[in-house]
Amino acid sequence: MEFQAVVLAGGTGTRLYPLTDGVPKCMLSMANRPLLSYQLDLLERSGFKEALVATSERARDELDNYLAQGHKGSISVDIQIVSEDLETADVLRAIKDKIRKDFLVISGDLVTDIYIHHLADVHRINDASCTVLLRAPKPEQKQPGGKPAKVEGATIDYVGLDEKRSRLLCLESAADIEEKLVLSRRMLTKHPNITVTNKMLDAHCYIFNYWVLELLTQTPELTSIKTELIPFLVKNQYSSNPIPGQPKQIAGDDGAVDESLEIGEEEQKEESFVPIKCHAMVYDGGYCNRADSMHTYKEMNFEIPRHHGHSVPWQHQSSFPDKTEEEKKVLYKRLDR
């Protein structure tokens, strides 16, 4: 596999309390198996032979027990212990010495049946700097009276895509927008037809070029992948100035186009840099959801056993094999609180 896989499984799961009281989020039971098993099975089915799993010290013992006794896959897992206080981009900085090439980052609460090589194809074909997995909007469930049902705990993002639904031109959390959404003139010149929606889900599954690690090293103020790193890359796609870590254009590379130049701009920069390209894959043909709130956790426990198809990477198996039946009952009862 040309990419390394990084699973971010160190979250404290505060939005899933009290389920995470005494149980690491990555080891919560999801449809009768540990949540982390879904990411490991997805990676193995996609051809990965090994994965870096970044997790917290308090999750180490349960994770070690599961990998030794419960996990049936053959993928090699390299556990990296990081502080629970670190944000997602901080975690990448902490384990950067373990990453040697372009890499895939997947959240430890994502369950999906996507084929990773489809996301990788989007990344390769477009020579992207980063590629983001988006879930297409779910059909709205209307309450009696015709009003759409509100989703509890849902995070609203504004996603802007070009007319081909491939180039990512905007990814902003609604909580970070004070008054209005602003797009640069250069971006609008390049892409006059932009579709902006707040109905898509950022699945927290990304592919990055290796040089993005150097960007993170030089810009410690970028602490979150979703709310800071991705928006930073998106906004700088058509900037005339290079960003930290952005590699220089190799002389004689006729296939590369400097997209930072405006249409009709005559002066060429003395040094040219590899253009920043952010792309997205909109997944609307299968299952994709995150256990990032109590509402989605309960929803996924109901949906996953009922979702079937040739591409489903999960199978029924015993969860927490190192637990007694009484201990399992205590864990499962927490779901009904």
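Residues numbered from 1 in each chain as written. Predicted model: local features only at pLDDT ≥ 70, side-chain atom pairs only at ≥ 80, totals over all residues. Heavy atoms only, no water.

Things to note about the confidence of the model for the protein chain
With 80% of its residues at a pLDDT of 70 or more, the protein chain has an overall mean of 84. Element-level pLDDT for the protein chain is lowest in helix α9 (residues 325-333), with a mean of 58, against a maximum mean of 98 in strand β4 (residues 103-107). Confidence over residues 261-269 falls short of pLDDT 50; this stretch has eight contacts with residues more than four positions distant or in other chains. pLDDT under 50 marks residues 316-322. Its contacts with residues more than four places away, or in other chains, come to 25 contacts. (pLDDT = per-residue confidence, 0-100. Helix = DSSP H or I, 4+ residues; strand = E, 2+ residues; numbered from the N terminus. Contact = heavy atoms within 4.5 Å.)

Notes on the packing of aromatic side chains
Scanning all chains against the criterion turns up two aromatic pairs. With 5.6 Å between their ring centres and 35 degrees between their planes, F103 and F208 make a pair best called tilted. You can see F103 sitting in strand β4 and its partner F208 sitting in strand β10 (residues 201-208), a full 105 residues away along the chain. Assigned by exposure class, F103 and F208 land together as buried. Measuring from centroid to centroid gives 5.9 Å for Y206 and F208, while their planes differ by 40 degrees, and the two rings are tilted. Accessibility expressed as a relative area gives 2% for Y206, which makes it buried. (Phe/Tyr/Trp six-rings, centres within 6.5 Å; stacked < 30°, edge-to-face > 60°. Buried < 20%, exposed > 50% of the residue type's maximum accessible area, 1.4 Å probe, protein only.)

Brief notes about the sheet that holds strand β7 (residues 157-161)
Through backbone hydrogen bonds, the strands of a sheet pair up, either in parallel or in antiparallel fashion. If you trace the three strands from one edge of the open sheet to the other, you get β8-β7-β9, paired in antiparallel fashion. Of all the strands in the sheet, the pair left with one neighbour each is β8 (168-173) and β9 (195-197). Recorded for the sheet is a direction-independent mean angle of 10 degrees between the axes of neighbouring strands. As defined by bridge partners, β7 adjoins β8 across five bridges and the pair is classed as antiparallel. By the bridge assignment, L161 is partnered in β8 with L168. Sitting on the sheet, helix α7 (residues 225-235) is in contact with β7 and β8, with an inclination near 150 degrees to β8. (Pairing = 2+ DSSP bridges. Axes fitted to C-alpha atoms, helices over the stretch in contact; angles between N-to-C directions.)

Examining helix α4 (residues 116-125)
All of the buried residues in α4 are I116, L119, A120, V122 and H123. Along the axis of α4, the buried positions cluster into a sector of 155 degrees, meaning they face one direction only. Looking at the packing, one finds that the buried side of α4 touches α1 (36-45), β4, β6 (130-135), β10 and β11 (278-283). The first or second residue beyond α4 is D127, which carries a positive phi of 50 degrees. (Arc of directions from axis to C-beta.)

Describing the sheet that holds strand β1 (residues 4-8)
Taking strand neighbours across the sheet as the criterion, the seven strands line up as β3-β2-β1-β4-β10-β6-β11 in an open arrangement whose pairing is mixed. The sheet terminates laterally at β3 (76-81) and β11, the two strands that pair on one side only. Direction aside, neighbouring strands of the sheet carry axes that sit 25 degrees apart on average. In terms of strand pairing, strand β2 (residues 50-55) meets β3 through six bridges, oriented parallel. When the bridges of β3 are listed, E50 appears paired with S76. Strands β2 and β3 of the sheet are contacted by helix α2 (residues 60-70), whose axis makes an angle of about 175 degrees with β3. Helix-sheet contacts for α7 involve β1, β4, β6, β10 and β11, and the interaxial angle to β10 is about 60 degrees.

Quick word on the pattern of salt bridges
Following the criterion strictly, the structure yields 14 salt bridges and no others. R124 is the partner of E2 in a salt bridge, and the nearest nitrogen-oxygen pair spans 2.3 Å. With a gap of 122 residues between them, E2 in the segment before β1 and R124 in helix α4 connect regions that are remote in the sequence. Overall, E2 belongs to the partly exposed group, its relative accessible area being 43%. Take R124: its relative accessible area is 37%, and that puts it in the partly exposed class. Of the charged contacts in the structure, one is a salt bridge between R33 and D41, with a shortest N-O distance of 2.4 Å. What makes D41 buried here is its relative accessible area of 15%. Taken together, the shared-partner salt bridges in this structure form one network comprising K25, D109, R290 and D292. (Salt bridge = Lys/Arg side-chain N within 4 Å of Asp/Glu carboxyl O.)

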